[in-house]
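Now for the letters of each chain:
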Amino acid sequence: EAGVRVVTLAYGRWDWHGMPHGTNFSNAREHFPMLDIALTALIEDLERRNMLDNTTVLVWGEFGRTPKINPNGGRDHWPEVACAILAGGGLRTGQVIGSTNRNAEHAKDRPVTFQDVFATLYHSLGIDPQSEIRDPLNRPHPISRGRVLERVF
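Peer 1: What is the right way to read the pattern of salt bridges from this model?
Peer 2: Any two side chains of opposite charge can pair, given that their charged atoms come close. Counted according to the given criterion, the structure contains seven salt bridges. Two residues, R65 and D15, come together in a salt bridge whose shortest N-O distance is 2.7 Å. In this pair, R65 is assigned in strand β2 (residues 64-65) and D15 in the segment before α1 (24-48), connecting sequence segments 50 residues apart. Measuring nitrogen to oxygen at the nearest pair gives 2.9 Å for the salt bridge that ties R49 to D45. Residue R49 is classed as partly exposed on the basis of its relative accessible area, which comes to 38%. Owing to a relative accessible area of 26%, D45 belongs among the partly exposed residues under this scheme.

Peer 1: When you look at helix α2 (residues 114-124) in this model, what are you seeing that I'm missing?
Peer 2: Along α2, the residues classified as buried are D116, V117, A119, T120 and L121. Those residues of α2 that are buried lie in contact with β1 (56-60) and β4 (84-88). Looking one or two places after α2, you find G126, whose phi comes out positive at around 85°.

Peer 1: Help me out: how do you make sense of α1 in this one?
Peer 2: The α-helix winds at 3.6 residues per turn, so residues separated by three or four positions along the chain end up facing the same way. If you check α1, its first and last C-alpha atoms are 35 Å apart, about what 25 residues at 1.5 Å a residue would give, namely 36 Å. Along α1, the sharpest change in direction is near 25° and occurs at E30; proline P33 comes one to four residues later. Among all positions of α1, only N24, N27, A28, H31, L39 and L46 are buried. On the buried face of α1, the contacting elements are β1 and β4. At the C-terminal side of α1, N50 shows a positive phi close to 55°.

Peer 1: Please explain the side chain of H31 as it appears in this structure.
Peer 2: Looking at where H31 falls in the secondary structure, it is placed in helix α1. Here H31 falls in the buried class, since its relative accessible area comes to 3%. With residues near it in sequence (within four places) discarded, H31 still touches Y11, R13, W14 and W16.

Peer 1: Is there a simple way to explain the environment of R65 in this structure?
Peer 2: By relative accessible area, R65 is classed as buried at 18%. With near-sequence residues (within four places) excluded, R65 lies in contact with W14, D15, W16, H17, R75, D76, H77, W78 and V81. Polar contacts involving the side chain of R65 include one to the side chain of D15, which spans 2.7 Å. Side-chain polar atoms of R65 contact the backbone oxygen of R75, separated by 2.8 Å.

Peer 1: For this particular structure, what's the right way to read the packing of aromatic side chains?
Peer 2: When we look at a pair of aromatic rings, we describe it by the centre distance and by the angle of the planes. The tally for this structure, following the rule as stated, stands at seven aromatic pairs. Relative to Y122, the ring of F118 has its centre 6.5 Å away and its plane inclined at 25°; by these criteria the two rings are stacked. One end of the pair, F118, and the other, Y122, are both in helix α2, four residues apart, so they sit about a helical turn from each other. For F118, a relative accessible area of 34% translates into the label partly exposed. Connected via pairs of aromatic rings, a cluster forms that spans Y11, W14, W16 and F32.

Reading the values: the criteria
Residues numbered from 1 in each chain as written. Predicted model: local features only at pLDDT ≥ 70, side-chain atom pairs only at ≥ 80, totals over all residues. Heavy atoms only, no water. Salt bridge = Lys/Arg side-chain N within 4 Å of Asp/Glu carboxyl O. Helix = DSSP H or I, 4+ residues; strand = E, 2+ residues; numbered from the N terminus. Buried < 20%, exposed > 50% of the residue type's maximum accessible area, 1.4 Å probe, protein only. Contact = heavy atoms within 4.5 Å. Expected span 1.5 Å × (residues − 1). Bend = angle between axes of the 7 residues up to and from the residue. Polar contact = N/O pair within 3.5 Å; in protein donor to acceptor, adjacent residues only side chain to side chain. Phe/Tyr/Trp six-rings, centres within 6.5 Å; stacked < 30°, edge-to-face > 60°.

Written out as structure tokens, the structure is:
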């Protein structure tokens, strides 16, 4: 409403490697409901105020978690597979893009990279994801190396 193009909110406390910081299951019972309530309230509020089509909501982490519980009752960092939730922004939501193998160890169908998500966000903001910026020495740097997820438009 104030004309801000992008807002970032960090909601942490997801680094669940296990004891002494709680097991994967005890942490999930505490944290998932809080995220669910907050995310649902945000999306419902944006929809009720007719702002959801103009606001893209993205929920993700910087990596996934191992498909197996470690001996401490937690899950360690796993860069092979992660997930993201996209809502609003005039996107066609309610679909799953990409899949993993049976044990969630590796991407199987239509792998989506972080760069693909960035390219999609830039596209939804009206920014050409193939454009580049220049550093102080006038060297070009692409803003994304990903592909736009065409299925969401």
